[in-house]
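Analysis of the macromolecular model
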Amino acid sequence: PMHVSTRVSSLAAPTAVCRRDGRAKGTIRAARCPAPSRPRASIGATLPEGPVPTSVMTPGVRGRRGELARSYAAPGAAVSPSEGDGPASSPSPAPSSDEPSLRTRTVRFLVANYFLVGMLSGVALAYLAPGVGATGGPVRPEFTVNQVMIRVMFLISGLNLPLTELRKAVANVRANALIQAFVFGFPAAATAYVLGPALKAAGVLTPRLVDGLVVLACLPTTIGSGVALTNAAEGNVAVSLFHAVFSNLAGIFITPALIFIYLGADCASVGSPYAAVTKLTSQVLVPVVVGMGLRAIPAIGEVLSSKPFKSRLKLTSDCIILAIIWNTFCNTFKSGFGVPASELTSLFMVLSVVLLGYKASILAAARAFGLANRDAVSAVYMGSQKTLAFGLPLIKALFEGSPELVWFCLPALMYHPMQIALGSALVPRLREFANAKEDSGRRAT
């Protein structure tokens, strides 16, 4: 028979002996003793008399022994590892850190900013090897980009347009009139007739970059980012959705017409207005209409409204935009870029002032028109945003083959990240404004 002999005093301090009822001898009454546990041993094994060595104790027994030793120790007295949880030669491991590694942080940054990284990488690749992506190169961008990708881009735009939102916000006449006046009206005219001539006269920007500012002012508002920022700031999302749909549909016709009106002979390389309308009908209008028709089918519309599919469409759209940027800069570097860093800096400063003035003037006009606070927030975002997803392919289709193409694209390329950054920074303040009472909102303004 197996004979196991253990002494209770080996599991407790010498001054007290635990009983199974949880009481201790002497003055110590609060100590509680765990239920006795027989040490594990193989058949026929006999443990020696006296204190049980820690080497034959199970981890649970060693842990309870350490707890009891610490509970009976005098306050401030140190308990050596031999009296506690284990031998001194086994130090406790350092706590693991939850901070991600440098590689993980780098990957997260690249994923979160893939569009900006892709745009800079595309420009760098175009500089290093412009012949690869230039017209007539091995990639054949005159077909793959100008014919196929641009049509796919506008097909995706049609798939993303929720027509049901048109009926919800069409009755908000004052908000709609104000926003459309800032999308296609006042800024384009002010840029063409006031700001542009002033910048040319002061020598701040070259005439070609000023023309690019005029093209930027004629573009419709954004489809996705303006609505997302309105929602984050708790503005009128229905109004924002209405203008995302209406502006981009109307922009197929209004934007080319405004460009011809304001630039006139400066864009004669595009050809006649009839040729431009024919090209836009083939590359822009037909794909958009096809996409809207597919979305109107209930089964397809349900799939298109799902979050995973919308993410895939957005990724595809962004990749096409990056391909257009790459092709544009390949053609530019092949023929000579000619834009000094000082002029790019001047363009950035001008766009910063324009963007801030844009939003401030829209908010002031919205309060003067007596719009509700939530409608005013929608106007601030949708009236000042300019689409890159719709605008860059439109510029590409309209000015294909023009030596001034990169000058028309540069303001839009620089304006896009700036409007996202400023719009995101204004979300907390505009959310507070949207939820404020009308009287307090007027006093704050």
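Above this text sits the structure in question.
**Quick look at the packing of aromatic side chains**
Under the counting rule described, the total for this entry stands at five aromatic pairs. An angle of 80° between the planes, with centres 5.4 Å apart, marks the rings of Tyr127 and Phe333 as edge-to-face. Highlighted residues: Tyr127 in helix 3 (residues 114-128) and Phe333 in helix 13 (residues 307-335), separated in sequence by 206 residues. On the basis of relative accessibility, which here comes to 57%, the residue Tyr127 falls in the exposed class. Centroid distance Phe182 to Phe186: 5.8 Å. Interplanar angle 70°. Geometry classified as edge-to-face. Residue Phe182 and its partner Phe186 are both found in helix 7 (residues 173-202); the two are separated by four residues, about one turn of the helix. In this structure an aromatic cluster arises from ring pairing among Tyr127, Phe329 and Phe333.

**Regarding helix 5 (residues 141-159)**
Within helix 5, the axis deviates most sharply at Met149, by approximately 35°. Buried residues of helix 5: Pro141, Glu142, Val145, Asn146, Ile150, Met153, Phe154, Ile156, Ser157, Gly158 and Leu159, and no others.

**What about the side chain of Thr255?**
Examined against the element boundaries, Thr255 turns out to sit in helix 10 (residues 237-263). Owing to a relative accessible area of 1%, Thr255 belongs among the buried residues under this scheme. Polar side-chain contacts of Thr255 include one of 2.9 Å to the backbone oxygen of Cys218. Here Thr255 is in contact with Phe184, Cys218, Leu219, Pro220 and Leu394, once residues within four sequence places are set aside.

**So, the pattern of salt bridges**
Using the criterion set out here, one finds three salt bridges in the structure. Arg431 is the partner of Glu234 in a salt bridge, and the nearest nitrogen-oxygen pair spans 3.9 Å. Of this pair, Glu234 sits in the loop between helix 9 (225-232) and helix 10 while Arg431 sits in helix 18 (residues 427-435); the two residues are 197 residues apart in sequence, bridging distant segments of the chain. On the basis of relative accessibility, which here comes to 31%, the residue Glu234 falls in the partly exposed class. By relative accessible area, which is 30% here, Arg431 ends up partly exposed. Residue Lys314 is joined to Asp318 by a salt bridge in which the shortest nitrogen-to-oxygen separation is 2.9 Å.

**Remarks on unusual backbone geometry**
A positive phi angle is found at Arg140, which is not glycine, with a value near 55°. Relative to the elements of secondary structure, Arg140 occurs in the loop between helix 4 (130-133) and helix 5. Classification of Arg140 by relative accessible area gives partly exposed; the value is 46%. The phi dihedral of Glu234 is positive, around 60°, even though this residue is not glycine.

**Remarks on the layout of surface pockets**
Space inside the largest pocket adds up to approximately 1400 Å³. Lining the largest pocket are 42 residues, with Ile223, Gly224, Ser225, Ala228 and Lys314 positioned closest to its centre. Going through the elements one at a time, helix 3, helix 5, helix 9, helix 10, helix 12 (298-305), helix 13 and helix 17 (405-425) are the ones with two or more residues in the lining of the largest pocket. In terms of residue count, helix 13 provides more of the lining of the largest pocket than any other element does, eight residues in total. Of the residues assigned to the lining of the largest pocket, the class counts are 24 nonpolar, 12 polar and six charged.

**A closer look at helix 3**
Spanning 15 residues, helix 3 covers 20 Å between terminal C-alpha atoms, matching the ideal 21 Å at 1.5 Å per step. Within the span of helix 3, buried status applies to Phe115, Met119, Gly122 and Ala126. One side of helix 3 holds all its buried residues, which, seen down the axis, span an arc of 60°. Looking at helix 3, the residues exposed on the side facing more than 90 degrees away from the buried face are Leu120, Leu125, Tyr127 and Leu128.

Calculation criteria
- Residues numbered from 1 in each chain as written.
- Predicted model: local features only at pLDDT ≥ 70, side-chain atom pairs only at ≥ 80, totals over all residues.
- Heavy atoms only, no water.
- Phe/Tyr/Trp six-rings, centres within 6.5 Å; stacked < 30°, edge-to-face > 60°.
- Helix = DSSP H or I, 4+ residues; strand = E, 2+ residues; numbered from the N terminus.
- Buried < 20%, exposed > 50% of the residue type's maximum accessible area, 1.4 Å probe, protein only.
- Bend = angle between axes of the 7 residues up to and from the residue.
- Polar contact = N/O pair within 3.5 Å; in protein donor to acceptor, adjacent residues only side chain to side chain.
- Contact = heavy atoms within 4.5 Å.
- Salt bridge = Lys/Arg side-chain N within 4 Å of Asp/Glu carboxyl O.
- 1 Å grid on protein atoms, 1.4 Å probe; cavity = no way out; pocket = protein on both sides within 12 Å on 5 of 7 lines; lining within 4 Å.
- Points joined across faces, edges and corners; volume = space filled by probe spheres on them.
- Nonpolar A, V, L, I, M, F, W, Y, C, P; charged D, E, K, R; others polar.
- Expected span 1.5 Å × (residues − 1).
- Arc of directions from axis to C-beta.

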